[in-house]
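This is what each chain is made of:
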Amino acid sequence: MIKKIVILSVMLQGAAYAETVIPEQIKVPQGYSPILTVHAKGDQIYQCSLNQGEYAWIMLAPDAKLFDEEGKLVGNHSAGPLWEYKEGSRVVGRVVNKIDKAPGKAISWLLVEVVSHQGDGLFSDVSFINRVNTHGGLPPSSGCTANHLGSEKRVAYTADYIFYGK
């Protein structure tokens, strides 16, 4: 019975990826197809900063583990923004566009263009990345004052990343 539940859970997780509708604002250009979809679980790291006389939490970096559709750890996501696959290939991206699908509840969905590659492997053919199905990760709503300047806070988030190539 437990085996059936695990198999059903894996199948439903894959179905969730397949059913995600990508909004027009963050669609990849024509000619690119999905290579891999992963689920990220980790933190968005924020730092209390002073900007034009106002204190605010500024996003420093993500720190997340990447899991395949079977729940196996396959990579990491960190500052850059950088994504690294288990065999060592890496990509660094820059945000092209974003859309707030759940304002006040979750970080934006993104279209990211890959600006550099390192290593041979699955990510060596990646040109674009979507971040979708986000939960959490928003900046802290309080606690950034002169007393907190330079301090960091980690905020839990989850998301799915879809990697595209030609």
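See the structure printed just above.
The following refers to the structure shown. The structure displayed is predicted, hence computed values, not measured ones. (Residues numbered from 1 in each chain as written. Predicted model: local features only at pLDDT ≥ 70, side-chain atom pairs only at ≥ 80, totals over all residues. Heavy atoms only, no water.)

## Points about the packing of aromatic side chains
Now for step 1: Going through the model one piece at a time under the given rule, you end up with 5 aromatic pairs.
Now for step 2: Between tryptophan 83 and phenylalanine 163, the ring centres sit 6.4 Å apart and the planes meet at 85°, which makes this aromatic pair edge-to-face. Linking tryptophan 83 in strand β4 (residues 82-85) with phenylalanine 163 in strand β8 (residues 152-165), this pair joins segments that are 80 residues apart in sequence. Accessibility assignment for this pair places tryptophan 83 and phenylalanine 163 in one class, buried.
Now for step 3: Here the guanidinium or amino end of lysine 101 rests over the ring plane of tryptophan 109, the centre of that ring lying 5.1 Å away.
Now for step 4: Looking at lysine 166, its charged tip hangs above the ring of tyrosine 32, at a distance of 4.7 Å from the centre. (Phe/Tyr/Trp six-rings, centres within 6.5 Å; stacked < 30°, edge-to-face > 60°. Helix = DSSP H or I, 4+ residues; strand = E, 2+ residues; numbered from the N terminus. Buried < 20%, exposed > 50% of the residue type's maximum accessible area, 1.4 Å probe, protein only. Lys NZ or Arg CZ within 6 Å of the ring centre and 35° of its normal.)

## Digging into the pattern of salt bridges
Now for step 1: All told, the structure shown has 6 salt bridges when counted by the stated rule.
Now for step 2: As a salt-bridge pair, arginine 154 and aspartate 63 come within 2.3 Å of each other at their nearest N and O atoms. Of this pair, arginine 154 sits in strand β8 while aspartate 63 sits in strand β2 (residues 54-67), and the two are 91 residues apart along the sequence.
Now for step 3: For the salt bridge of glutamate 113 with arginine 94, the shortest nitrogen-to-oxygen distance reads 2.7 Å. Linking glutamate 113 in strand β6 (residues 109-118) with arginine 94 in strand β5 (residues 90-99), this pair joins segments that are 19 residues apart in sequence.
Now for step 4: Residue classification places glutamate 113 among the partly exposed positions, given a relative accessible area of 26%.
Now for step 5: Overlapping salt bridges, with partners in common, bring together Asp43, Asp63 and Arg154 in one network. (Salt bridge = Lys/Arg side-chain N within 4 Å of Asp/Glu carboxyl O.)

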